[in-house]
Amino acid sequence: MIVALAGGVGGGRMAAGLAAVLPPRELTVVVNTGDDFEHMGFTICPDLDSVMYAVAGVNNPQTGWGRAGETWAFMDEIKRCGGEGWFNLGDRDLAVHVLRREALRRGATLSEVTRDLCTRFGIEHAIVPMSDMPVRTRVKTKSQEHSFQDYFVRLRCKPHTTGFRFAGARAARVPLMLQRSMESTQVEAVVFCPSNPFVSISPILAVPAIRAWLKQRKFPVTAVSPIVGGAAVKGPAAKMMRELGLQPSTLALVRHYGDAVDRWVIDRQDARQAAAIERLGKRVLVTDTLMTNRRKSAALARCVINFALKK
Ligand code: GDP
Ligand code: CA
């Protein structure tokens, strides 16, 4: 079994590839919930939904979030009536938020709700939130702290960040279905999807049980670099690296993760960094890592799986 850690866009693209290649029993996708927030009475789970939509093949490949063929009647009306318009809720997307709220109200856990939603989208693979309890990413700047969505959506990542905090992480417990995967002797590899290291992978690693599990691992951890040619494919990863005093490069990311990652999948554009990464004691695979469509996601997934499972 392969356990993949994922954020939204890069996580969804990689998860879709892995799910296209591996049978359901052989894949568990653990998804960041640090971006989750309460809005208009809903619990919004951006990364869980991005991964679910991507694996189901109903995602919007242009934006990287939301549904393909989305319509916006609800949002238009909310704005017309003077409601909060800074966070976009598409009509199709809204159905998921309504169903999630109903299920949570009835007492279901987030992992149960996610499993049921996935089933309705025809997904057989396990997509599991990193925790059933709320963990909320806080973005620190010199003078204050922002909630993640305030920083990400409302402020468009403009503030200069000095670090992050994952409120609730210390008390977070992993969902039962993830606990079972973690206790299984069948886990042969963990894969970090090419997700934002600071606000997608880090919050998952901040869950104590996950961190402890990885620390005493008997399997290798393979990361796919989200930095390609010194830039992020999408989103603020490179900007965050610069603000935290790191060079936006795969090599700097390798140093940042240190012992947490054993093997690296890097893009052809960064082939020249391979030798330096190997000198740090890592195995390196150089390949095309841009998942611009589902065929490319599956092709990369095949390479990543072979590399991650190599003795
Ligand atoms: P978010 O939660 O929506 O921000 O998504 P993730 O954290 O999962 O992914 C964001 C990261 O994915 C960014 O740093 C991107 O550079 C990276 N990314 C997105 N698409 C690709 C891709 O096709 N290939 C690679 N290598 N990285 C990607
Ligand atoms: Ca995210």
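Starting afresh in each chain, residues are numbered from 1 along the sequence in its written order. Whichever chain is written first is A, and whichever ligand is written first is 1; the rest continue in order. Given that this is a predicted model, residues contribute local features only at a pLDDT of at least 70 and side-chain atom pairs are listed and counted only at 80 or more, while totals for whole chains, interfaces and linings are drawn from all residues. Note: side-chain values were computed over all heavy atoms of the structure, leaving out hydrogens and water.

A. Looking closely at the overall build of the protein. Secondary structure elements follow DSSP: runs of H or I of four or more residues count as helices, runs of E of two or more count as strands, with numbering from the N terminus. Scanning the protein for helices and strands turns up 13 helices and 14 strands. The C-alpha radius of gyration computed for the protein amounts to 19 Å, which stays within 12% of the reference 19 Å derived for 311 residues, consistent with globular compactness. The contact definition used throughout considers only heavy atoms, calling two residues in contact when any of these lie within 4.5 Å. Counting contacts in the protein only where the partners sit at least 6 residues apart, residues at least 24 apart contribute 68% of the total. For the protein, the accessible surface area stands at approximately 14,300 Å², while carbon and sulfur atoms represent 51% of it. Here Asp and Glu are counted as negative and Lys and Arg as positive; His is not counted, and neither are the chain ends. Working definition for charges: the position is that of NZ of Lys, CZ of Arg, CG of Asp or CD of Glu. Placing the 43 positive and 28 negative side-chain charges of the protein at their respective mean positions leaves the two points 5 Å apart. Radius of gyration here uses only the C-alpha atoms, and the compact-globule reference equals 2.2 Å multiplied by the residue count raised to the power 0.38. All accessible areas in this document rest on Shrake-Rupley with a 1.4 Å probe, and a residue is counted as covered only by the protein chains that are shown.

B. Summary view of the packing of helix 2 (residues 46–56) against helix 4 (residues 91–105). Helix axes use the C-alpha atoms of the stretch in contact, all axes being lines fitted to C-alpha atoms, and the angles between their N-to-C directions lie in the range 0 to 180 degrees. At a closest axis distance of 12 Å, the pairing of helix 2 and helix 4 adopts a crossing angle of 120°. The orientation of helix 2 with respect to helix 4, classified from their angle, is oblique. When you trace helix 2 past helix 4, the crossing you get is right-handed. Judged by residue contacts, Asp-49, Met-52 and Tyr-53 of helix 2 engage Asp-93, Val-96, His-97 and Arg-100 from helix 4. For classification, angles of less than 35 degrees are called roughly parallel, those exceeding 145 degrees roughly antiparallel, those between 65 and 115 degrees roughly perpendicular, and all remaining angles oblique. Each helix crossing is assigned a hand: it is left-handed if the near helix lies turned anticlockwise from the far helix by less than a right angle, otherwise right-handed if that turn is clockwise.

C. A look at the coordination of the calcium ion (ligand 2). Looking at the metal site, the calcium ion (ligand 2) is ligated by Asp-35 (OD), Asp-47 (OD) and Asp-47 (OD), spaced 2.1 to 2.7 Å from it. Of the two residues, Asp-35 sits in the loop between strand 2 (27–31) and strand 3 (37–39) while Asp-47 sits in helix 2, which places them 12 residues apart along the sequence. Taking the relative accessible area as the measure of exposure, Asp-47 reaches 5% and is therefore buried. Coordination shells were defined by N, O and S atoms within 2.8 Å of each metal, extended to 3.2 Å for Na, K and Ca; water is absent from the atom set, which can make sites look incomplete. The buried label applies to any residue whose accessible area, calculated with a 1.4 Å probe on protein chains only, is under 20% of its type's maximum; exposed applies above 50%, and partly exposed to all values in between.

D. Region of the structure containing the environment of Ala-231. Within the secondary structure layout, Ala-231 lies in strand 12 (residues 231–232). Taking the C-alpha atoms as reference points, Ala-231 and Pro-248, separated by 17 residues in sequence, lie 6.4 Å from one another. Not counting the four nearest positions on each side in its chain, Ala-231 is found in contact with Pro-226 and Ala-238.

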